[in-house]
Amino acid sequence: MKQLTYSIAFAALCLLLAGAAFAATHGLPITIEHGWVRWLPANLPAAGYATIRNDSDQPVKLTGAESSDYGMAMLHRSMQKNGKDTMAMVGALSIPAHGEVKLAPGGYHLMLMDAKHPIRPGDTVHVSLHFEDGKTLQATWPVRPANASGE
Amino acid sequence: MIVSNLRRFLLPALGAVLLSTALLAACSHAPPPWQLNDVSGHLPDLQFHLTSDTGKPMSAADLRGKYVMMYFGYTHCPDVCPLTLVHLHLVMQQLGTDAAKVRILFVSVDPARDTPQVLHQYVTAFDPRIVGLTGSPQEIAVVAKRYRSAFNIDEKQADGTYTVSHGSIIYIFDRDGHARLLGNSSDIKPEAITHDLKLLIGQDS
């Protein structure tokens, strides 16, 4: 009887571990690559950029962001409207199935405001990207100089 | 003999005339040499009375003899203004020694936040040859209107922040302050601006 209890416990543990592995590999099939932040002086709002890849069969929605280094992180988009350069908040951004979306200069970007401590080029900052269903991905991005010409 | 002369001299001569006429015709229909939009004679000369990022009054007279690239923007602009200023910084690098003849003007359309001190930190982070300009809302409106550059200060958010929509045009003036070329910040490559500035500088020297 005792033997059986151990067997059940072992089976349960296996299931749990299998479940955890499943969550890690299939729960969030998203990767964040080439992330960076363009530094600006005078504690001005900075912009964060990255490529977000979705390797699943379903589109995934980026719904928000936060950073332990900034008071506020918001998804924004630059665009031209009536001959003017303008910037607007974006509620959610869909990453297509087996596709990617680039947060890149002149388009989608994370607006990072109210730095909690002095941030300089060469530092790294921590960013959390929130996806629908409450899933979150952490990333660490390098801070580059204002005149960095990265894409 | 006459026929032979005709063949030997007249025909080649006629051919040469026809060829040169064709070449002239081709030249008069040659595409303009500029990669940006040529606006010579269509926009007013460089003129403004503003405050520079060093806190001193500045006018177009202070820039006579310099070629000028001008863009309207604001410092609480983390994406498109930096992108444009990086492009203009790259133009300066590509110009090499000619960059000494060129200045970049970054005219703020958000004077409430853009003090000379903030502007100075902002523009020098991109290139030491950028001059930040600010002033009273009226002084700025005069310059924006002169170059038909609409801007709009958007509604304040609950936290007091706001965004500003601003003109997307890069204006290029020659060393006499005449408006010569326009490019759109979103689709003009630094190489195109460098090409045209080199052409402009070459024509004058």
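Refer to the structure presented above.
Summarised in this report is the structure supplied together with it. (Residues numbered from 1 in each chain as written. Chains lettered and ligands numbered in written order. Predicted model: local features only at pLDDT ≥ 70, side-chain atom pairs only at ≥ 80, totals over all residues.)

### A few points about the nonpolar core
As a reminder, the rule being used: Put simply, a nonpolar core is buried Ala, Val, Leu, Ile, Met, Phe, Trp, Tyr and Cys residues tied into one set by C-beta atoms within 7 Å. Our exposure labels follow a C-beta count within 10 Å of each residue's own C-beta, placed from the backbone: buried means 20 or more other C-beta atoms, exposed means 12 or fewer, and partly exposed covers the counts in between. Counting from the N terminus, the helices are the DSSP runs of H or I reaching at least four residues and the strands are the DSSP runs of E reaching at least two. Each residue gets a C-beta atom placed from its backbone, and two residues are in contact if those atoms lie within 7 Å.
Ranked by internal contacts, the top residues of the largest apolar core, which has 79 residues, are A:Leu110, B:Met69, B:Leu105, B:Phe106, B:Val107 and B:Ile172. Considering each element in turn, this core owes the most residues, eight residues, to helix α2 (residues 80-95) of chain B. Residue contacts for B:Ile172: discarding those within four places in its chain leaves B:Leu36, B:Met69, B:Arg180, B:Leu181, B:Asp196 and B:Leu197.

### Regarding the interface of chain B and chain A
This is how the line gets drawn: Any residue that is not Ala, Val, Leu, Ile, Met, Phe, Trp, Tyr, Cys, Pro, Asp, Glu, Lys or Arg is counted as polar, Gly included; the first ten are nonpolar and the last four charged.
Each partner contributes to the interface: chain B provides 26 residues, whereas chain A provides 22 residues. Taken together, the elements giving at least two residues each to the side of chain B that touches chain A come down to α2, α3 (116-124) and β8 (164-167) of chain B. Sort the elements by how many residues they give to the side of chain B that touches chain A and α2(B) lands first, with six residues. The class makeup of the residues in the side of chain B that touches chain A is 12 nonpolar, 12 polar and two charged.

### Overview of the sheet that holds strand β3 (residues 57-59) of chain B
Residue and element names in this part refer to chain B. Put simply, the rule is: Strands qualify as paired when DSSP identifies two bridges or more between them. Axis definition: a line fitted to C-alpha atoms, limited for helices to the stretch in contact. Angles are taken between N-to-C directions and run from 0 to 180 degrees.
What the eight strands build is an open sheet, ordered β1-β10-β9-β4-β5-β6-β2-β3; its pairing is mixed. Two strands bound the open sheet, and with one partner strand each, they are β1 (37-38) and β3. Against the sheet, α2 contacts β4 (67-73), β5 (102-108) and β6 (130-134), and its axis sits at roughly 170° relative to β5. In this fold helix α5 (residues 190-204) packs onto β4, β5, β9 (169-173) and β10 (179-184), with an angle of close to 175° to the strand it touches most, β10.

### Notes on the pairing of strand β3 (residues 60-66) of chain A
Residue and element names in this part refer to chain A. The sheet contact formed by β3 and strand β6 (residues 93-95) spans three bridges and is antiparallel. Bridged to Lys 61 within β6 is Ser 94. In the sheet, β3 pairs with strand β9 (residues 124-131) via four bridges, with the strands oriented antiparallel. From the neighbouring strand, Leu 62 faces β9, where its bridge partner is Phe 131.

### Considerations on α2(B)
All names here are of chain B. What counts here: Multiplying 1.5 Å by the helix residue count minus one yields the expected span of that helix.
The end-to-end C-alpha separation of α2 is 23 Å, in line with the 22 Å expected for 16 residues at 1.5 Å each. Among the 16 residues of α2, 12 are classified as buried, and the element is accordingly described as predominantly covered. Residues Val 80, Cys 81, Pro 82, Leu 83, Thr 84, Leu 85, Val 86, His 87, Leu 88, His 89, Val 91 and Met 92 constitute the buried set of α2. One or two steps after α2, the chain reaches Gly 96, where phi turns positive at roughly 65°.

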